[in-house]
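Chain residues, written in single-letter form:
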Amino acid sequence: MSNILARLEQVNRTYQKGKETVEVLHKLDLEIPEGDFVAIMGPSGSGKTTLLNLLGGLDKPTAGTVTVGGAELSSMSNSQLSNWRSNHVGFIFQFYNLLPVLTAHRNVELPLLLTSFSSKERAKRASIALDIVGLADRAKHYPRELSGGQEQRVAIARAIVSDPSLLLCDEPTGDLDRDTADEILRLLQVLNKDHGKTIVMVTHDAQAAEFAKRILHCDKGTLEAMEAA
Amino acid sequence: MRGLQQVLAVTSLNLRNLPQRIGSSVVAVVGVAAVVLVFAAVLSMAKGFERTMISAGSDDTAIIMRSGSTSELNSGISNEQVLIVADAPGVLKDGDDSVISAELYVVVDVRKRTSNTDANVPFRGIQRGAFDVRNNVSLIEGRMFEEGKNEIVVGRSAQQEFLGLETGSTIRFGQSEWTIVGAFEAEGSVSESELWTDVRVLQGAYRRGNSFQSVRVRLQSENSLETLAAALENDPRFDPDVMTEKEYYSGQAEPMTRFIKTIGYPLTILMAIGAVFGALNSMYSSVSVRGKEIATLRALGFGPMSVLISTMVESTLLAFVGGALGGAVAFLVFNGFQVSTLNGASFSQVVFDFAVTADLLVDGLYVALIIGAFGGLFPAIRAARLPVAQALREL
Amino acid sequence: MKYFRLIWKNAWRKKIRTSLTILSVFVAFLLFALLSGIGYAFKGGVDVADADRLIIIHKVSLINMLPISYENRVASTDGVESVTHATWFGGYYQDTRNQFPQFPVVPQSYFDMYPEFDIPDGQFEAFKRNRTGAVVGQELADTYGWKVGDRIPIQATIWSRADGGRTWEFELEGIFSSDDPRGSTALLLFQYDYFEEARAFAKGTVGWYILRVEKGADPVQVAKAVDALFENSPAETKTSTEAAFAQSFMKQYGNIALIVTLILGAVFFTLLLVSGNTMSQSVRERISELAVLKTLGFTDRSVLGIVLSESILIMLMGGLLGLGLGWVIIQGAAQNMAGFLPGIFLSPGAIAAAFAMMIGAGILAGIFPALKAMRLSIIDALARA
């Protein structure tokens, strides 16, 4: 059995909404081994995005612990989390979230500005990442000059450029047509199988979920396994 | 819908949702207000100075000085020449006596209240006729000085602006001591910035023998000036400049007012250019925020002209509000504010008020409207030309 | 630094908006430069005043003349190294609008007193030899296009001639310059001997004296000693340092510095509103982008820094342009408008202040949007998008 990369133990996440207290996650346990590709499905408001945020250090649990790659995220300060994120996790969003003022190449390079690599080194790594996602020829294009699928691939290149072990995807194909979505999902599979990236993907699309190794169902703040893909 | 109705409809819709664009609207208004405020404030100095100087001058008083003098200070008139003037045609007579005052002034140092440094104040020696050759002078405090004594009456503005000029106090100039026995007012004119005493006493104190600098006479009628001037200029014993007092003071006011205007107008233009940039910024932002609304209106059939005009109206209205605001602040804060400055021509202080006059405020509004027009034109054209289909697609 | 590209690209997101903002900054700093220059002129040359020179005037006022006999008595006073004199001539050239200072002086002792004036030896010798000769400052020569050898007629307003005329004609023997750019050379100097001989009245008097204090002597004490010499005489004196004299004279015009400050205050208040508005719009538009930067690992502080840098960058771009143009205009004005406002100068202090204001204004305009960017919650921002 491979190592456990990410672990949530007895995690609660509650919010104050005015006078009401909303409990989004309740006593949640989750183990994600290295090299896993897990899809999390569930209705909106079920807490699946919160789960992703916790794994990525964007949010902290109200109770319980979150450990990723040996680091206990739940006890880290904001600046420590920032630092951790830049090295250990890559995000992929539904709406790509590329910076419109930068070219594809510069967008991919962005996370590397936080490192001490020289400008040449940064450029090289960004080119490699773009290569992996098959967009080397679009390096100098601006996001508005790219199709949705191409933008998402640039976003993926950005997510992997600092070589994180964990990729967190929030509805990565939500805005794409069927064919393009399949391309993206296949790319994710390549990253998982050939490059050893552990991937956690939140999606409401059952067909997208099929691309993962296993599917979990998130409802009312708890998780249930479904049959393996 | 007919053209005018369209324009009105779009314009009123535009203005009604102005509160949504409150940020950039406020910026445009304040920008214009600042320009008009500075414009009104600076030029009100020129107006105030000019008014103070000119109101001293009367049309039915002639002033006679040595030819070529740029001011009384540079002039020199002998006693004989004064007598020639007194007997000249055109001079008003009160019974047997001419209404005349031969005068001389020196400049003395008095401490200015606001800066606590010394300033040059005119110390004028006058004759009995001084109050009669002037239109607007009256004693308001104490009494008139006695002839032959070291006594002074001070102008009200001088009293306010400088230290130590209260009625009853004494003041020392050089070797001699003088007592202030009263104060006079002169409807705010430059005479109020002066100290007056008996001309004989002044001549003695400053070793001027029997010489004067200027002679003022009341004219018999409006047309007497030519008669008087002709008579005096043809007299071989005399080489005078003869003019109305009003003309003289206009000339005295000119250098300073010209200086202030030479600085004030370019300053305003430069600030206005800055305000145009600010207004353009606000209006472009306004147009972009209204993008969907404009596209929808266009899709519904409203013509581009109505969109253009509504944008221009917004821009000019904001500018107008700014102009009114700036003018109002200028008026409330500066109007009537008393200051004094050195009049190079007379080398002495002139006390005056900032005068934020109605025509200045109107000029300010013109400036504001020009800024509004320029600031709105290009954005208005852009709004009118907005590609409708594209804007709707982005909804 | 490596974030520059990001900051630059973000600054120019909306080209028209940024350009207009930069233009607003440009106008503000152009005004700053011009008004500083004018304000400096109204300091009356205080900065270039020599600490060792004292000015002696008639105690009653500058207008009154002093006897020439005072010169020797002042020269023999303790602590006085040298003494010379000058008088206000107060004429104009061709038109009453062309008024600039003209002084009758004793050439050698005057130029000795003012070593900052440079003049070619040949020209100076010619001036000393010519009774009706004159020298002018470079600024004046530039303004009126005078060359050595020109005849310059000056119309007197005060000093009529003994022969009845009012026109004094001089031959231009030389042009002098000042080695200090702050000092004004809008000045015409001619021979005191000629003045004394040809003037109609007040013979044997001068306008004021200038004395140089001996090295090591206390100027204040020397001033007191000089004034004590003439106390209770018909012409009492008031002696002060050159700086104090210049300052008290200029103060008569009013508190120009205050007026300039108030105007600039209005200008910069407006500027802050414009740039503040631009920055807050700029941040509002890219909340999600800023959130993404944070997900990538940019700290809250670095996001604050990125936004502030953008604001400062815009200020620097417009400010440098405005300051630069202002400097050019003032250089031109100093040379060509010497009669109008002598001594107009953009001081290093003003330039330093301008830079400080560019940075300060950049921070003030950007601080609220930057704080908003710093504090924004990644989750909320992304959820909204």
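Within every chain, residues take consecutive numbers counted from 1 along the sequence as written. Throughout, the order in which chains and ligands are written sets their labels, letters from A for the former and numbers from 1 for the latter. The model is predicted, so local features are restricted to residues of pLDDT at least 70 and side-chain atom pairs to those at 80 or more, both for listing and for counting; the totals for chains, interfaces and linings are taken over all residues.

1. Things to note about the overall build of chain B
Here is step 1 of the chain: In terms of regular secondary structure, chain B is built from 12 helices and 14 strands.
Here is step 2 of the chain: The C-alpha radius of gyration of chain B comes to 30 Å, more than 25% above the 21 Å expected for a compact globule of 395 residues.
Here is step 3 of the chain: When its C-alpha atoms are laid out on the principal axes, chain B stretches across 95 × 45 × 30 Å.
Here is step 4 of the chain: Using C-beta atoms placed from the backbone, we call a residue buried if 20 or more other C-beta atoms fall within 10 Å of its own, exposed if 12 or fewer do, and partly exposed for counts in between. Out of the 395 residues in chain B, the part that is buried amounts to 52%.
Here is step 5 of the chain: Two residues qualify as a contact pair if the distance between their C-beta atoms, derived from the backbone, is within 7 Å. Pairs at least 24 residues apart make up 84% of the contacts formed inside chain B by residues separated by at least 6 positions. Helix numbering and strand numbering both begin at the N terminus, where a helix is a DSSP run of H or I of at least 4 residues and a strand a DSSP run of E of at least 2. Throughout, radius of gyration means the C-alpha value; the globule benchmark is 2.2 Å times the number of residues raised to the power 0.38.

2. Quick word on the interface of chain C and chain B
Here is step 1 of the chain: With 37 residues of chain C at the contact, the number on the chain B side is 39 residues.
Here is step 2 of the chain: Of all the secondary-structure elements, those providing two or more residues to the side of chain C that touches chain B are helix H2 (15-41), helix H9 (242-251) and helix H10 (256-285) of chain C.
Here is step 3 of the chain: It is H2 of chain C that provides the largest number of residues to the side of chain C that touches chain B, a total of 11 residues.
Here is step 4 of the chain: Classification convention: Asp, Glu, Lys, Arg as charged; Ala, Val, Leu, Ile, Met, Phe, Trp, Tyr, Cys, Pro as nonpolar; all other residues, Gly among them, as polar. Class assignment for the residues of the side of chain C that touches chain B results in 19 nonpolar, 13 polar and 5 charged.

3. Some words on the interface of chain C and chain A
Here is step 1 of the chain: Taken together, the contact between chain C and chain A spans 18 residues of the former and 21 residues of the latter.
Here is step 2 of the chain: Only helix H1 (4-11), helix H11 (287-295) and helix H14 (378-384) of chain C provide two or more residues apiece to the side of chain C that touches chain A.
Here is step 3 of the chain: Broken down by element, the residue count for the side of chain C that touches chain A peaks at 4 residues, all from H11 of chain C.
Here is step 4 of the chain: A breakdown of the residues in the side of chain C that touches chain A according to their chemical character gives 7 nonpolar, 5 polar and 6 charged.

4. Observations regarding the packing of helix H2 (residues 22-56) of chain B against H10 of chain C
Each pair of packed helices can be summarised by the angle the axes make with each other and by the distance between the axes.
Here is step 1 of the chain: In this description, a line fitted to the C-alpha atoms serves as the axis of each element, helices being fitted only across the stretch in contact, and the angle between N-to-C directions of two axes falls anywhere from 0 to 180 degrees. It is at 9 Å that the axes of H2 of chain B and H10 of chain C come closest, and there the two elements cross at 165 degrees. On the basis of their axis angle, the class for H2 of chain B and H10 of chain C is roughly antiparallel. As H2 of chain B runs across H10 of chain C, the sense of the crossing is left-handed. Seen from H2 of chain B, the contacting residues are Gly23, Ser24, Val27, Val30, Gly31, Ala34, Leu37 and Val38 of chain B; seen from H10 of chain C, they are Ile263, Ala266, Val267, Phe269, Thr270, Leu273, Val274 and Asn277 of chain C. When describing relative orientation, an angle under 35 degrees is termed roughly parallel and one over 145 degrees roughly antiparallel, while 65 to 115 degrees is termed roughly perpendicular and anything else oblique. Crossing chirality is assigned from the near helix's rotation relative to the far helix, an anticlockwise turn below a right angle marking it left-handed and a clockwise turn marking it right-handed.

5. Some words on the sheet that holds strand S3 (residues 80-86) of chain C
Sheet strands pair by backbone hydrogen bonding; their relative direction is either parallel or antiparallel.
All names here are of chain C.
Here is step 1 of the chain: If you trace the 4 strands from one edge of the open sheet to the other, you get S3-S11-S1-S12, paired in antiparallel fashion. Among the strands making up the open sheet, the edge pair consists of S3 and strand S12 (237-241). The mean angle between the axes of side-by-side strands here comes to 25 degrees, regardless of whether they run parallel or antiparallel.
Here is step 2 of the chain: Packed onto the sheet, H9 meets strand S1 (53-58) and S12 and runs at close to 105 degrees relative to S12. Strands are labelled as partners when DSSP assigns at least two bridges between them.

6. Considering the domain arrangement of chain B
Residue and element names in this part refer to chain B.
Here is step 1 of the chain: Looking at the assigned domains, one finds that chain B contains domain 1 (3-54 + 253-393) and domain 2 (68-238).
Here is step 2 of the chain: Residue ranges for the domains originate in an automatic or database domain assignment. Here the C-alpha centroids of domain 1 and domain 2 sit 47 Å apart.
Here is step 3 of the chain: Looking at the side of domain 1 that touches domain 2, the elements with two or more residues in it are H2, strand S13 (338-343) and strand S14 (348-353).
Here is step 4 of the chain: When residues in the side of domain 1 that touches domain 2 are grouped by element, the largest group, 5 residues, is from S14.
Here is step 5 of the chain: Each residue belonging to the side of domain 1 that touches domain 2 can be placed in one class, and the counts come to 6 nonpolar, 6 polar and 1 charged.

7. Quick word on the nonpolar core
Here is step 1 of the chain: Defined on buried residues, the nonpolar core groups Ala, Val, Leu, Ile, Met, Phe, Trp, Tyr and Cys residues joined through C-beta atoms within 7 Å. One finds Ala157 of chain A together with Val32, Val35, Val38, Ala40 and Ile371 of chain B to be the most contacted residues of the largest nonpolar core, which totals 247 residues.
Here is step 2 of the chain: Top element by residues in this core is H2 of chain B. It accounts for 21 residues.
Here is step 3 of the chain: Dropping the residues within four chain positions of it, valine 38 of chain B is found in contact with Leu267, Thr268 and Met271 of chain B together with Ile263 and Ala266 of chain C.
Here is step 4 of the chain: Within the second largest apolar cluster, 52 residues are counted, among which are Val136, Leu140, Ala141 and Val222 of chain C.

8. Section: the sheet that holds strand S9 (residues 214-219) of chain A
Residues and elements named next belong to chain A.
Here is step 1 of the chain: Pairing within the open sheet is mixed, and its 6 strands lie in the order S6-S7-S8-S3-S9-S10. Two strands close off the open sheet at either side, each with one partner strand: strand S6 (89-92) and strand S10 (222-225). Averaged over neighbouring strand pairs, the angle between their axes works out to 20 degrees when direction is ignored.

9. So, the pairing of strand S8 (residues 167-178) of chain C
Put simply, side chains in a regular strand alternate between the two faces of the sheet.
All names here are of chain C.
Here is step 1 of the chain: The pairing of strand S5 (residues 117-118) with S8 spans 2 bridges and is antiparallel. In the sheet register, aspartate 118 faces S8, and the bridge partner there is serine 177.
Here is step 2 of the chain: Bridge count for strand S6 (residues 133-137) against S8 is 5 bridges, and the pairing is parallel. Along S8, the bridge assignment pairs glycine 133 with glutamate 171.
Here is step 3 of the chain: Here 5 bridges tie strand S7 (residues 151-155) to S8, and the two strands are oriented antiparallel to one another. By the bridge assignment for S8, proline 153 is matched with glutamate 169.

10. Let's talk about unusual backbone geometry
Here is step 1 of the chain: Look at tyrosine 96 of chain A: it is not a glycine, yet its phi comes out positive at around 60 degrees.
Here is step 2 of the chain: Here tyrosine 96 of chain A is to be found in the loop between S6 and helix H3 (104-109).
Here is step 3 of the chain: Overall, the presence of 23 C-beta atoms within 10 Å leaves tyrosine 96 of chain A in the buried class.
Here is step 4 of the chain: Within the chain, arginine 207 of chain B stands out as a residue other than glycine whose phi angle is a positive 50 degrees.
Here is step 5 of the chain: With respect to the secondary-structure elements, arginine 207 of chain B resides in the loop between helix H6 (199-205) and strand S11 (214-218).
Here is step 6 of the chain: C-beta crowding within 10 Å serves as the criterion here: with 8 such atoms nearby, arginine 207 of chain B is assigned to the exposed category.

11. Quick word on helix H9 (residues 291-300) of chain B
Residues and elements named next belong to chain B.
Here is step 1 of the chain: Within the span of H9, buried status applies to Ile294, Ala295, Leu297 and Arg298. One side of H9 carries all its buried residues, which in axial view fall inside an arc of 160 degrees. In H9, the exposed positions angled more than 90 degrees off the buried face are occupied by Lys292, Ala299 and Leu300.
Here is step 2 of the chain: Downstream of H9 by a residue or two, glycine 301 has a phi angle that is positive, lying close to 115 degrees. In this description, one arc is meant: the one made by directions from the helix axis to the C-beta atoms.

12. Some details on the environment of leucine 290 of chain C
Residue and element names in this part refer to chain C.
Here is step 1 of the chain: Structurally, leucine 290 can be placed in helix H11.
Here is step 2 of the chain: On the basis of neighbour count, leucine 290 is assigned to the buried category, with 21 C-beta atoms found within 10 Å.
Here is step 3 of the chain: Taking the C-alpha atoms as reference, leucine 290 lies 59 Å from serine 177; in sequence the two are 113 residues apart.
Here is step 4 of the chain: In this view, leucine 290 contacts Val303, Ala373 and Leu376; residues no more than four positions away in its chain are not counted.

13. Concerning the pairing of S1 of chain C
Residue and element names in this part refer to chain C.
Here is step 1 of the chain: For S1, the tally of buried residues reaches 5 of 6 residues, placing the bulk of the element in the interior.
Here is step 2 of the chain: Summarising the sheet, S1 and strand S11 (residues 208-213) pair through 4 bridges and their orientation is antiparallel. Each bridged residue has a counterpart across the sheet, and for arginine 53 the counterpart in S11 is arginine 212.
Here is step 3 of the chain: One ladder, built from 5 bridges, connects S1 with S12; its direction is antiparallel. Within S12, the position partnered with histidine 58 by the bridge is threonine 237.

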